[in-house]
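Understanding the architecture of this molecule
Listed here are the chains, written in short residue letters.
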Amino acid sequence: METILAQLLNGLDKGGAYALIALGLTLVFGTLGVVNFAHGALFMLGAFCAVAFRQFITYETVTLDPTKLSPWGAPLEIKTPMAQIWFGDFGAVLINWSVPISILLAIPVMLVIGIAMERGLIKHFYKRAHMDQILVTFGLAIVLQEVVKAIFGANPISQPMPVELRGSADIGAMLGLTPGMVTYPIWRLIYFLFSASIIGAVFAFLRLTTFGMVVRAGMADRETVGILGINIDRRFTIMFGLAAVVAGLAGVMYTPLVPPNYHLGMDFLVLSFVVVVVGGMGSLPGAVAAGFLLGILQSFASMTEIKAIIPGIDQIIIYLVAVVILLVRPRGLLGRRGVMET
Amino acid sequence: MNIFYLPRRDAITLAVFALVVLTMPIWLVPFGAAYPGLMQKFAIFAIFAVGYNVLFGLTGYLSFGHAAFLGVGSYTAVWTFKLMTMNVIPAMIFAVIVSGLFALAIGFVSLRRSGIYFSILTLAFAQMCYNLAYSVLTPITNGETALQLTINDPRVLDLMFSERGAGLPSPSLLGQGMSGIEAFYVVAVVLLIAFYIAQKIFVSPFGMMLRAIKSNQTRMHYTGFNTRPYALTAFVISGMYAGLAGSLLAATDPLAGAERMQWTASGEVVLMTILGGVGTLIGPVIGAWLIKYFENIFSGFNDAMLHHTFSWLPQGAQDVVVAITSKFVGEGWQLSLGLIFVLVVVFLPGGVMEGIRRFSSIFRNRREPGPTGALKTSPAE
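Below is a summary of the structure that appears in this document. (Residues numbered from 1 in each chain as written. Chains lettered and ligands numbered in written order. Predicted model: local features only at pLDDT ≥ 70, side-chain atom pairs only at ≥ 80, totals over all residues. Heavy atoms only, no water.)

**Things to note about the interface of chain B and chain A**
- In this complex, chain B contributes 40 residues to the contact, which on the side of chain A involves 41 residues.
- Across the chain B to chain A interface the summed buried area is about 4,000 Å²; carbon plus sulfur atoms make up 79%.
- Broken down residue by residue, the surface that chain B buries against chain A is led by Ile116, Tyr117 and Trp263 of chain B, which jointly contribute 18%.
- Applying the counting rule to chain B against chain A returns zero salt bridges.
- In this assembly, chain B and chain A are joined by two residue pairs in polar contact (both at pLDDT 80 or more). (Contact = heavy atoms within 4.5 Å. Buried area = accessible area lost by both parts, 1.4 Å probe. Salt bridge = Lys/Arg side-chain N within 4 Å of Asp/Glu carboxyl O. Polar contact = N/O pair within 3.5 Å; in protein donor to acceptor, adjacent residues only side chain to side chain.)

If you want it as structure tokens, here you go:
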């Protein structure tokens with residue numbers, strides 16, 4: 001019981017990341033009909049928003065303190081991060097909470113990047129084959145990750161989480177099981193809650209607002225909505241921006257779990273494509289469900305007991321599931337009938 | 001009819017191609033690329049791209065997993081070196097067979113879907129191979145350290161005829177060492193044979209069938225053809241080409257690592273084919289050469305060389321220009337590669353070959369309705 005619960009929890013945060021990326025991919029595919037291979041790069045760009053923010057506020061100015069001496073006799077160097085010079089103690093708080101705060105930075109940045117990407121490049125590819133879309137977005141992904149590499153270097157840059165949120169929560173004790181059996185890092189719990197609320201927000205946006213209603217109508221029948229005098233293209237562009245924001249936020253919050261480097265996006269992209277396919281191309285609930293499902297499956301497959309039976313299963317479980325799903329039920333778990341079924 | 005027959009036009013192409021490939025050590029000198037290691041790569045990746053084009057160019061199936069076959073070929077070749085003999089011919093034969101079998105298995109499953117699903121399936125299989133090579137299959141693949149020759153390898157066949165030497169043996173072809181320029185000529189000859197076979201496929205009824213799959217698979221079904229065996233054959237052939245290329249990589253440098261199977265490596269061969277011109281015979285070869293050339297030459301550039309290149313500019317402007325261009329060369333050469341690739345897909349979907357065609361049609365001053373980009377036709381979905 002405890003082990004199962006622990007593995008279930010372990011799968012949740014990764015599943016959350018998969019679900020968020022897959023959600024964005026599906027949004028783009030459902031609205032614009034584009035297969036976006038650069039979506040992983042957006043996840044990576046979001047992660048680097050957090051990195052850039054932190055590097056900016058922790059930019060250190062060095063002053064010499066002539067009264068004190070360092071152990072080797074030189075005047076003691078006092079390094080003060082920029083944020084502390086500007087805001088004093090509040091700066092220290094800012095640095096401690098840099099990752100969550102950089103969400104505020106990531107939202108406008110990712111929105112602008114997403115819209116620029118759609119208007120600048122992808123809109124020229126609506127009429128062309130899916131193959132061309134794959135190729136051009138693949139090229140774009142290379143460009144984006146190389147730009148990041150040129151700016152931030154090739155090494156992973158670790159992002160500390162706020163001090164208050166380090167450590168683990170004893171989930172088992174909360175649920176009345178033996179204390180100490182099922183502990184779970186707080187940040188990963190937060191990541192799960194965060195991704196769940198983002199997913200909820202996106203669904204609420206699509207379900208409850210007029211804008212969302214129009215977008216859903218456009219997904220169902222783009223031409224009719226256009227004939228009714230609604231500028232559906234502009235709304236779809238905004239949806240692309242929104243998908244970029246979702247991917248970016250997933251990236252920002254993921255940085256304390258895995259130090260981001262420039263090919264983080266590519267690593268996640270392959271997996272999230274698999275997630276989209278398993279969930280069903282064009283189905284938003286399918287993407288979310290498959291994301292969590294595969295995340296949990298992966299964590300179960302990494303159990304030593306399972307690995308003892310089938311060695312290496314943890315490495316390939318997701319791909320294996322995808323292969324089986326594609327062959328048995330090509331439209332995916334929750335895919336609509338007739339959407340890219342061949 | 002002679003089975004080696006080629007139409008006149010293709011025979012001329014082959015002759016010119018042979019001339020170009022075999023004189024590489026001469027005409028590459030002004031480009032600073034006439035060293036054997038690089039020329040071997042030119043020839044090997046040309047084989048890879050030519051084979052990939054048999055699948056992607058003719059049938060339109062975009063595979064994102066061909067590096068897996070390259071890797072399988074490399075591993076098989078190194079194991080042949082280790083277990084049997086250092087001669088490269090058995091290594092090549094086994095690599096082609098084993099990668100062909102892999103391609104048969106993967107293709108059999110993947111080809112049940114087309115379009116983007118096919119791409120994702122091949123990608124999934126390639127990632128599976130890559131992950132397995134890194135983890136559970138470490139006894140076979142030697143994981144991160146890469147599979148290498150050791151002094152104590154069995155080498156059954158070699159040791160029947162000669163004593164175990166003192167040093168590490170190196171691959172050979174019928175007693176002739178495989179190093180430097182000799183190895184290049186061996187690889188070049190293999191490339192010519194591979195190119196010739198691709199030409200034969202292109203002009204054969206089988207090739208026509210593959211093209212028909214690309215232009216309209218549904219109609220093929222209605223006409224009563226089962227297209228899958230044809231597509232599967234094309235997949236296996238291109239997998240065998242990839243395996244051959246992998247075995248040659250191992251023959252010129254007896255080492256096989258899993259990173260050869262990563263999906264970025266699969267992406268590279270897609271880049272080569274698109275850049276050169278998909279669906280043409282020469283195009284993928286040109287694409288492979290361009291990418292390998294830029295990889296070696298661009299990545300060798302550094303700031304000092306850039307300052308030298310732009311020394312005719314005034315000092316301030318020189319620094320600015322160097323600061324900007326240095327992002328695109330050296331470590332950042334892949335940035336230029338990505339940009340070029342995006343530009344090619346956007347503006348020149350037929351790659352370099354279409355560029356040449358457009359260019360020459362300007363000079364001929366003839367307004368013919370030029371062939372539309374090869375990419376515009378997609379497999380029926």
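**A look at the environment of Lys149 of chain A**
- Positionally, Lys149 of chain A belongs in helix H6 (residues 130–152).
- What makes Lys149 of chain A buried here is its relative accessible area of 14%.
- With 170 residues separating them in the primary sequence, Lys149 of chain A and Tyr319 of chain A have C-alpha atoms 28 Å apart.
- Each residue touching Lys149 of chain A, except ones within four places of it in the same chain, is listed here: Ala154 and Tyr262 of chain A together with Glu331 and Gln334 of chain B. (Helix = DSSP H or I, 4+ residues; strand = E, 2+ residues; numbered from the N terminus. Buried < 20%, exposed > 50% of the residue type's maximum accessible area, 1.4 Å probe, protein only.)

**Brief notes about the layout of surface pockets**
- As a volume, the largest pocket reaches approximately 970 Å³.
- Residue lining of the largest pocket: 40 residues in total, with Glu259, Thr264, Ala265, Glu268 and Gln334 of chain B positioned closest to the centre.
- Put simply, the parts of the chain that give the lining of the largest pocket at least two residues each are H6 and helix H12 (264–279) of chain A together with helix H3 (36–59), helix H12 (228–252), strand E4 (255–256), helix H13 (263–276), helix H14 (282–298) and helix H17 (333–347) of chain B.
- Residue composition of the lining of the largest pocket, by class: 18 nonpolar, 11 polar and 11 charged.
- Considering only enclosed or pocket space, the second largest pocket measures out at about 490 Å³ in volume. (1 Å grid on protein atoms, 1.4 Å probe; cavity = no way out; pocket = protein on both sides within 12 Å on 5 of 7 lines; lining within 4 Å. Points joined across faces, edges and corners; volume = space filled by probe spheres on them. Nonpolar A, V, L, I, M, F, W, Y, C, P; charged D, E, K, R; others polar.)

**Focus: the packing of helix H9 (residues 180–203) of chain B against helix H10 (residues 205–215) of chain B**
Residue and element names in this part refer to chain B.
- One can describe the packing of H9 onto H10 by two numbers: an axis separation of 4 Å at closest approach and a directional angle of 70°. The angle between the axes of H9 and H10 places the two elements in the roughly perpendicular class. The segment H9 lies against H10, with Ile201, Phe202 and Val203 engaging Pro205, Phe206, Gly207 and Arg211. (Axes fitted to C-alpha atoms, helices over the stretch in contact; angles between N-to-C directions. Parallel < 35°, antiparallel > 145°, perpendicular 65-115°, else oblique.)

**A closer look at the packing of aromatic side chains**
- Following the criterion strictly, the structure yields 29 aromatic pairs over all chains and no others.
- A ring pair is formed by Tyr18 of chain A and Phe268 of chain A, whose centres lie 5.9 Å apart and whose planes are at 55°; its orientation type is tilted. Linking Tyr18 of chain A in helix H1 (residues 2–32) with Phe268 of chain A in helix H12, this pair joins segments that are 250 residues apart in sequence.
- We classify Tyr18 of chain A as buried; its relative accessible area is 0%.
- With 5.4 Å between their ring centres and 25° between their planes, Phe37 of chain A and Phe64 of chain B make a pair best called stacked. In this pair, Phe37 of chain A is assigned in the loop between H1 and helix H2 (39–57) and Phe64 of chain B in the loop between H3 and helix H4 (67–83), connecting two distinct chains. Accessibility classification places Phe37 of chain A together with Phe64 of chain B in one group, the buried group.
- Three or more aromatic residues joined by ring pairs make a cluster, and in this case those are Phe17, Trp27, Phe31, Phe42, Phe195, Trp289, Tyr293 and Phe294 of chain B.
- Positioned above the aromatic ring of Tyr126 of chain A is the side chain of Arg222 of chain A, whose terminal nitrogen or guanidinium carbon lies 5.9 Å from the ring centre. (Phe/Tyr/Trp six-rings, centres within 6.5 Å; stacked < 30°, edge-to-face > 60°. Lys NZ or Arg CZ within 6 Å of the ring centre and 35° of its normal.)

**Looking at helix H15 (residues 313–328) of chain A**
- A bend of about 30° at Tyr319 of chain A is the largest found in H15 of chain A.
- Within H15 of chain A, burial applies to Ile313, Asp314, Ile316, Ile317, Ile318, Tyr319, Val321, Ala322, Val323, Ile325 and Leu326 of chain A.
- Of the surrounding secondary structure, the elements contacted by the buried residues of H15 of chain A are H1, H12, helix H13 (284–301) and helix H14 (304–309) of chain A together with helix H5 (88–110) and helix H6 (115–134) of chain B. (Bend = angle between axes of the 7 residues up to and from the residue.)

**Quick word on the environment of Met110 of chain A**
All names here are of chain A.
- Tracing the backbone shows Met110 in helix H5 (residues 98–120).
- Taking relative accessible area as the criterion, Met110 reaches 0% and is therefore assigned buried.
- Considering only alpha carbons, one finds Met110 and Phe43, 67 residues apart in sequence, at a separation of 9.5 Å.
- Beyond its immediate chain neighbours, meaning those up to four positions away, Met110 contacts Leu42, Leu45, Gly46, Cys49, Gly241, Ala244, Val245 and Gly248.

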